[in-house]
Amino acid sequence: MKSRLLIAALAAATIVALIAGCGGSSSSGSDLASMAPPGTPVFVEGTLRPEGELKSNVDAIAKQVAGVDNLGDLVVEELEGEAEKEGEPVDFAKEVEPWLGERGAAFFERLEGEDFSGTGVLVESTDTEATQEFIDKHKGHMEGKVAGLVGDFLVVAEDQKIFKEVEEASEGEALGDEDTFTKAISAASDGSLADVYVDVGGLIDQNGGQIDPEARKILQKAGIDPSEATAVASIVPGAEQIAVELSSDLGGEEAPTGDASKLLGELPGGAFAGFAVSGFAEQLNELIDSLDEEGVGSTVPPHQLKKGMKQFGIDLEGIAESLQEAAVFASGSNKSSLGGALVVNTKGDKATEAVENVGVLLRQVHVAGVTALGAKYNGFSIHSNELGEKPLVVAATEGRLAIGYGLPQTVAGLTSGAGNGKTLSDDPAYEDAVGSLGDTPISGFADGAAALKLADALIPGSDEGFKKAKKYLKSISFLALGSASQGELATAKLIVGLK
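Scope of this entry: the structure provided in the associated data block.

1. So, the overall build of the protein
- On a plain count of helices and strands, the protein comes out with 19 helices and 18 strands.
- Sequence separation of at least 24 residues holds for 64% of the intrachain contacts in the protein that already meet a minimum separation of 6.
- Here the protein has roughly 23,900 Å² of accessible surface; of this, 53% comes from carbon and sulfur atoms.

Right under this line is the structure:
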């Protein structure tokens, strides 16, 4: 959307709001949501005028990442420069700032393929006469967009139909009146830079309910009903970090629970990224029961999955019940050293037996490239041209199962945390990541410097996009992901730590 009016008013309102704004709490956007058409699946709101600690935090981040003292001034400068190129100069200080109010929002009514349509922007005006003068001055350069005043708000709509819908919503039923929206937005974080509401089920319905049946089944068995799910993400800047706080009503019976932070910290110290999860055994068993009852496509008839696997000495239910926490990690600083593994803590000997039986079965049916690991580790490796230079390795020991790309990485995952070398918890960046999440258990981590070093080795030096991004990526110390759940409500935090 690159009309000249949008460069001035829309971009000033939304980009300044979402990058240099403050305080977009749920209560502040009630008037804005009451103007969005009912059933709107994506709604973004924020406060346009930064002040106090939040403005200081935003400016501090801008200084660290981009080397500028005032991000808002930089955004305005870029917008005015773009407008100048388009042949429609705009003086933000004279034409926009005098009437720009405290709040702004954007909504998106439809998702068509990968693109949104049915878009509109709402900007609070403190001087409707000045706003109308601005509209009149630029109305000849709108490229099909429709702009006008609805009450005390400037509305920039994709077309006349959308503009009319905003007028009707302001006088009757609107998104802000819907229980689904009000329940979701009430979980938005206080003091946020901006809040983003997404009706996941609504977007799925717009696409004719198109979601892979097997994927839907897996989600439902994991306690998630995608047709009823909603989510709200709040962006909260700090002096040395940026937090994205997510709250999602999964629409199912109960979200998976558990704390796998101990396993994450036990991953090999050479890992540049890792993710861990717990509390999935019950949902996994329900999924196995469902697949057994209904069959798996045309390959496995109903009521034959468990029975067939048991004939080969593989007890699916026993394996599911033995699984405790799981984690994945990646390590390496270039293409030749890149590898990683899935690590699962287990109880009992079901998983170990399964690994042994699968290895025997593969060798019995003469699957090419399968080799036993030997006496030290129970498991097998698979070499093939498709896998590349490294083998896929499956190994198990008492209390742990590992499936990895490359033997050293798999063994490291199998034995880490048992006094065998350094772990992630020994990494200072990981320690900072844990601290940034407060009481929320950490479930994901990435070391900014190590990840950038790998990207440097993999991405060609001629890539202009990476060149531009690199100067900002250098400022990232770590990424930390934390998650928790209570009933149907799942919460998560993504922290971008800066240096």
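2. Looking at the nonpolar core
- Formed by 23 residues in total, the largest nonpolar core has its most connected members in Phe 43, Leu 122 and Tyr 197.
- Elements represented by at least two residues in this core include exactly helix 2 (30-33), strand 2 (100-112), strand 4 (146-150), strand 5 (153-157), helix 7 (160-171) and helix 8 (179-185).
- Apart from residues no more than four positions distant in its own chain, Tyr 197 is found in contact with Thr 40, Pro 41, Val 42, Phe 43, Leu 175, Thr 180, Phe 181, Ala 184, Ile 185, Thr 230, Ala 231 and Val 232.
- Listed in part, the 22 residues of the second largest apolar core include Leu 267, Phe 329, Ala 429 and Ala 433.

3. Considerations on the packing of aromatic side chains
- Summed over the entire model, instances satisfying the criterion amount to five aromatic pairs.
- Ring plane angle 50° and centroid distance 5.4 Å describe the contact between Phe 108 and Phe 116, whose orientation is recorded as tilted.
- You can call Phe 108 partly exposed: its relative accessible area is 23%.
- Judged by relative accessible area, Phe 116 falls into the partly exposed class, the value being 39%.
- A ring pair is formed by Phe 181 and Tyr 197, whose centres lie 4.9 Å apart and whose planes are at 80°; its orientation type is edge-to-face. Taken as a pair, Phe 181 in helix 8 and Tyr 197 in strand 6 (residues 194-199) lie far apart in primary sequence, 16 residues in all. For the pair formed by Phe 181 and Tyr 197, the shared burial category is buried.
- Of the aromatic side chains, those joined through ring pairs into one cluster are Phe 43, Phe 181 and Tyr 197.

4. With respect to the pairing of strand 5
- Across the five residues of strand 5, five count as buried, placing the element largely inside the fold.
- Every second residue of strand 5 is oriented toward a common face, with Phe 153, Val 155 and Ala 157 on one face and Leu 154 and Val 156 on the other, all of them buried.
- Bridge count for strand 4 against strand 5 is five bridges, and the pairing is antiparallel. Note that in strand 5 the partner of Val 150 across the bridge is Phe 153.
- Between the antiparallel neighbours strand 4 and strand 5 lie two residues, among them Gly 151 with a positive phi of about 65°.

5. With respect to the side chain of Asp 292
- With respect to the helices, strands and loops of the structure, Asp 292 is situated in helix 12 (residues 281-294).
- Within the buried set, Asp 292 has no salt-bridge partner at all; the shortest N-O distance to an opposite charge, 4.5 Å, is to Lys 306.
- A polar atom in the side chain of Asp 292 sits 3.0 Å from the backbone nitrogen of Lys 306.
- Filtering out sequence-adjacent residues up to four positions away, Asp 292 remains in contact with Pro 302, His 303, Gln 304, Leu 305 and Lys 306.

6. Here's the deal with the pattern of salt bridges
- Counted under the stated rule, the structure contains 11 salt bridges.
- A salt bridge links Lys 137 to Glu 95, with the shortest nitrogen-to-oxygen separation between them at 3.2 Å. You can see Lys 137 sitting in helix 6 (residues 128-138) and its partner Glu 95 sitting in helix 5 (residues 92-95), a full 42 residues away along the chain.
- For Lys 137, a relative accessible area of 48% corresponds to the partly exposed category.
- The class for Glu 95 is buried, based on a relative accessible area of 15%.
- Notably, a salt bridge pairs Glu 266 with Lys 262, separated by 2.5 Å at the nearest N-O pair.
- Looking at Glu 266, the relative accessible area reads 14%, which means it is buried.
- Put simply, Lys 262, Glu 266 and Arg 400 are held in one network by salt bridges that share partners.

7. Thoughts on helix 17 (residues 428-436)
- Of all the residues in helix 17, the buried ones are Ala 429, Tyr 430, Ala 433 and Ser 436. Along helix 17, the residues classed as buried sweep out an arc of 120° about the axis, all on the same side. Looking at helix 17, the residues exposed on the side facing more than 90 degrees away from the buried face are Pro 428, Glu 431 and Gly 435.
- Between the side-chain oxygen of the N-cap and the backbone nitrogen of Ala 429 there are 2.9 Å, and the N-cap of helix 17 in question is Asp 427.
- One or two positions beyond helix 17, positive phi appears at Gly 438, with a value near 65°.

8. Thoughts on the packing of helix 18 (residues 448-458) against helix 19 (residues 464-473)
- Interaxial distance between helix 18 and helix 19 falls to 11 Å at its minimum, and their mutual angle equals 165°. Classified by the angle between their axes, helix 18 and helix 19 sit roughly antiparallel to one another. Helix 18 and helix 19 meet at a crossing whose hand is left-handed. Residues Leu 452, Ala 455 and Asp 456 of helix 18 pack against Phe 466, Lys 470 and Leu 473 of helix 19.
- Here the contact of helix 18 with helix 19 is built from residues that sort into four nonpolar, no polar and two charged.

9. Notes on helix 16 (residues 407-415)
- Taken together, the buried positions of helix 16 are Gln 409, Thr 410, Gly 413 and Leu 414. Buried residues of helix 16 fall within an arc of 135° about the axis and therefore sit on the same side.
- Here the buried face of helix 16 lies against strand 10 (323-331), strand 11 (339-346), strand 14 (392-397) and strand 15 (400-405).
- The first or second residue beyond helix 16 is Gly 417, which carries a positive phi of 80°.

10. Brief notes about the environment of Val 44
- Inspection of the secondary structure puts Val 44 in strand 1 (residues 42-47).
- A C-alpha to C-alpha distance of 9.7 Å links Val 44 and Leu 32, two positions 12 residues apart in sequence.

11. Some thoughts on the environment of Leu 284
- Residue placement: Leu 284 occurs in helix 12.
- The class for Leu 284 is partly exposed, based on a relative accessible area of 27%.
- Sequence separation of Leu 284 and Leu 316 is 32 residues, and the distance between their C-alpha atoms is 9.8 Å.
- Not counting the four nearest positions on each side in its chain, Leu 284 is found in contact with Ala 320 and Leu 323.

Parameters at a glance
Residues numbered from 1 in each chain as written. Predicted model: local features only at pLDDT ≥ 70, side-chain atom pairs only at ≥ 80, totals over all residues. Heavy atoms only, no water. Helix = DSSP H or I, 4+ residues; strand = E, 2+ residues; numbered from the N terminus. Contact = heavy atoms within 4.5 Å. Areas by Shrake-Rupley, 256 points an atom, 1.4 Å probe, with all protein chains shown as cover. Core = buried A, V, L, I, M, F, W, Y, C linked by side-chain atoms within 4.5 Å. Buried < 20%, exposed > 50% of the residue type's maximum accessible area, 1.4 Å probe, protein only. Phe/Tyr/Trp six-rings, centres within 6.5 Å; stacked < 30°, edge-to-face > 60°. Pairing = 2+ DSSP bridges. Lys, Arg positive; Asp, Glu negative; His and termini not counted. Salt bridge = Lys/Arg side-chain N within 4 Å of Asp/Glu carboxyl O. Polar contact = N/O pair within 3.5 Å; in protein donor to acceptor, adjacent residues only side chain to side chain. Arc of directions from axis to C-beta. Axes fitted to C-alpha atoms, helices over the stretch in contact; angles between N-to-C directions. Parallel < 35°, antiparallel > 145°, perpendicular 65-115°, else oblique. Left-handed = near helix turned anticlockwise from the far one by under 90°. Nonpolar A, V, L, I, M, F, W, Y, C, P; charged D, E, K, R; others polar.

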